[in-house]
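The primary structure of each chain is shown beneath.
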Amino acid sequence: MTTPEVSSATPPLAKPDTFLLDGRAIPFTPGQTLMQAAQAAGVYIPHLCHHADFDPIGSCKVCSVRIQGRTVASCTMPARAGLVVESETPELHHDRQRLTQMLFVEGNHHCPFCEKSGACHLQAVAYHLDMQDTHFVHTAPHHEVDATHPDVWLDRSRCILCELCVRASREVDGKDVFAIGGRGAHTTLLVNSPSGQLHDSDVAVTDRAVHICPVGALMPKRQGFVIPIGQRPYDAADIAQRPEDS
Ligand code: SF4
Ligand code: FES
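Bear in mind the structure is a predicted one, so any value in this text is a computation, not a measurement. (Residues numbered from 1 in each chain as written. Chains lettered and ligands numbered in written order. Predicted model: local features only at pLDDT ≥ 70, side-chain atom pairs only at ≥ 80, totals over all residues. Heavy atoms only, no water.)

**Observations regarding the overall build of the protein**
What counts is decided by this rule: Here a strand is any run of E in DSSP of at least two residues, a helix any run of H or I of at least four, and the numbering for each starts at the N terminus. Buried, partly exposed and exposed residues are distinguished by accessible area as a fraction of the type maximum, computed with a 1.4 Å probe on protein chains only: under 20%, between the cut-offs, and over 50%, respectively. Two residues qualify as a contact provided that any one of their heavy atoms is within 4.5 Å of a heavy atom in the partner residue. Each accessible area is a Shrake-Rupley result for a 1.4 Å probe, and residues are judged covered by the shown protein chains and nothing else. For this count, His and the chain ends are skipped, Lys and Arg are scored as positive, and Asp and Glu as negative. Taken as the charge location is NZ of Lys, CZ of Arg, CG of Asp or CD of Glu.
Along its length, the protein carries six helices and 10 strands. Each of the three principal axes of the protein carries a C-alpha extent, and together these read 85 × 45 × 40 Å. Among the 246 residues that make up the protein, the fraction classed as buried is 44%. In the protein, the share of contacts with a sequence separation of at least 24, taken over all contacts with a separation of at least 6, comes to 63%. Summed over all atoms, the accessible surface of the protein reaches about 13500 Å², with 54% contributed by carbon and sulfur. Here the protein holds 20 positive side-chain charges and 28 negative ones, and the gap between their average locations is 2 Å.

Okay, here's the thing in structure tokens:
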């Protein structure tokens, strides 16, 4: 009786699946979204509510891409082998510009005196998209500012309702300080506390929620205008060159 031969050779690695993004083959692992695979491959798709550390919620639609004539959010769309995906087309560029312009007119984004200017994702995406004006009529809405906490403040007029603070507070800080409430144009960021204000909430200035805000809405106090103009994150690099930010 002969013993069957056991091969000591390492079996060949399974070839990763790929999809095409603007003609480039992007490898992915099962379960990844188009956005996750693109980021892993170093390809930038504009986005605002996506963050690599959190599950996507697909609310801003800035990451929209086209697949066989359909527009889908790349941050929620699972990658599938053989998909043909378009991202950098004039039409999508135009749509992303319009979405970004809507966010600008829905809030009070007065960048010249905002502490987040030069480090703000909304502003950086607008620069990336070559947004020259706000296109739509400015609504100049009234939103509450909450400066009741000794170390943290919230200016809802700059909030883009990305829910990153909501997710970070719940999943990282274990606190559930923030929530989105209201409907339509009256949708707003809520603070879960007896008064609805920050001072009697569980928030602390060290919380991830306070530092993940991509715009100038939720900020630590007394830390504004500390980086000289010219050295702020997006002075030197387009947001597409800073994948580590989100
Ligand atoms: S406060 Fe900032 S992080 Fe929170 S929802 Fe508004 S924009 Fe997003
Ligand atoms: S980043 Fe995909 S919907 Fe906001």
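The rest of the description comes next.
**A word on the site of ligand 1**
The condition is simple: We call a residue near a given molecule or strand whenever any one of its heavy atoms falls within 4 Å of it. Side-chain classes follow a simple rule in which Ala, Val, Leu, Ile, Met, Phe, Trp, Tyr, Cys and Pro form the nonpolar group, Asp, Glu, Lys and Arg form the charged group, and the remainder, Gly included, forms the polar group.
Neighbouring ligand 1 are Cys 159, Ile 160, Leu 161, Cys 162, Glu 163, Cys 165, Leu 189, Cys 213, Pro 214, Val 215, Ala 217 and Leu 218. A class-by-class count of the residues in the shell around ligand 1 yields 11 nonpolar, no polar and one charged.

**Observations regarding the nonpolar core**
We apply this condition: To define a nonpolar core, start from buried Ala, Val, Leu, Ile, Met, Phe, Trp, Tyr and Cys residues and group those joined through side-chain atoms within 4.5 Å.
Counting 38 residues, the largest nonpolar core has Leu 48, Leu 122 and Phe 178 as its most contacted members. Listing elements by their share of this core, those giving two or more residues are helix H2 (90-106), helix H3 (121-128), strand S7 (152-155), helix H4 (164-171), strand S9 (188-191) and helix H5 (208-212). Setting aside anything within four residues of it in sequence, one finds Phe 178 in contact with Cys 165, Val 166, Ser 169, Leu 189, Leu 190, Val 191, Asn 192, Leu 198, Val 203, Ala 209 and Leu 218. Core analysis: the second largest hydrophobic core is formed by 20 residues, Phe 19, Leu 34, Met 35 and Ala 37 among them.

**What about a negative patch on the surface?**
Applicable threshold: Exposure above 30% relative accessible area and no salt bridge define the residues that can form patches, which grow by joining like charges within 9 Å and nonpolar side chains of Val, Leu, Ile, Met, Phe, Trp and Tyr within 5 Å. We define a salt bridge as a contact between a side-chain nitrogen of Lys or Arg and a carboxyl oxygen of Asp or Glu at a distance within 4 Å.
There is a patch of like negative charges on the surface, built from Asp 22, Glu 86, Glu 91 and Asp 95. With respect to the element layout, Asp 95 can be found in helix H2.

**Here's the deal with the pattern of salt bridges**
Enumeration over the complete set of coordinates arrives at nine salt bridges. Residue Arg 208 is joined to Asp 53 by a salt bridge in which the shortest nitrogen-to-oxygen separation is 2.9 Å. Of this pair, Arg 208 sits in helix H5 while Asp 53 is found in the loop between helix H1 (34-40) and strand S3 (64-67), placing the two residues 155 residues apart along the sequence. A residue is classified by how much of its surface remains accessible, and Arg 208, at 28% relative accessible area, is partly exposed.

**Looking at the sheet that holds strand S2 (residues 24-28)**
Going by this rule: Pairing between two strands is assigned when DSSP locates at least 2 bridges connecting them. Axes here refer to lines fitted to C-alpha atoms; in helices the fit is confined to the stretch in contact. Angles between the N-to-C directions go from 0 to 180 degrees.
With respect to topology, five strands assemble into an open sheet ordered S2-S1-S5-S3-S4, the strand pairing being mixed. The outermost strands of the open sheet, each flanked by one partner alone, are S2 and strand S4 (70-73). With strand direction ignored, the average angle separating the axes of adjacent strands in the sheet is 40°. Direction of pairing for strand S1 (residues 17-21) relative to S2: antiparallel, over a ladder of five bridges. Note that in S2 the partner of Phe 19 across the bridge is Ile 26. Along the sheet, H2 makes contact with S3 and strand S5 (84-86), crossing S3 at roughly 150°.

**Things to note about H2**
Applicable threshold: In this analysis, the expected span of each helix is defined as 1.5 Å times one less than the number of residues it contains.
For H2, spanning 17 residues, the distance from its first C-alpha to its last is 24 Å, which sits close to the expected 24 Å at 1.5 Å a residue. Buried within H2 we find Leu 92, Arg 96, Gln 97, Thr 100, Gln 101, Leu 103, Phe 104 and Val 105. The inward-facing, buried residues of H2 contact S3, S5 and H3.

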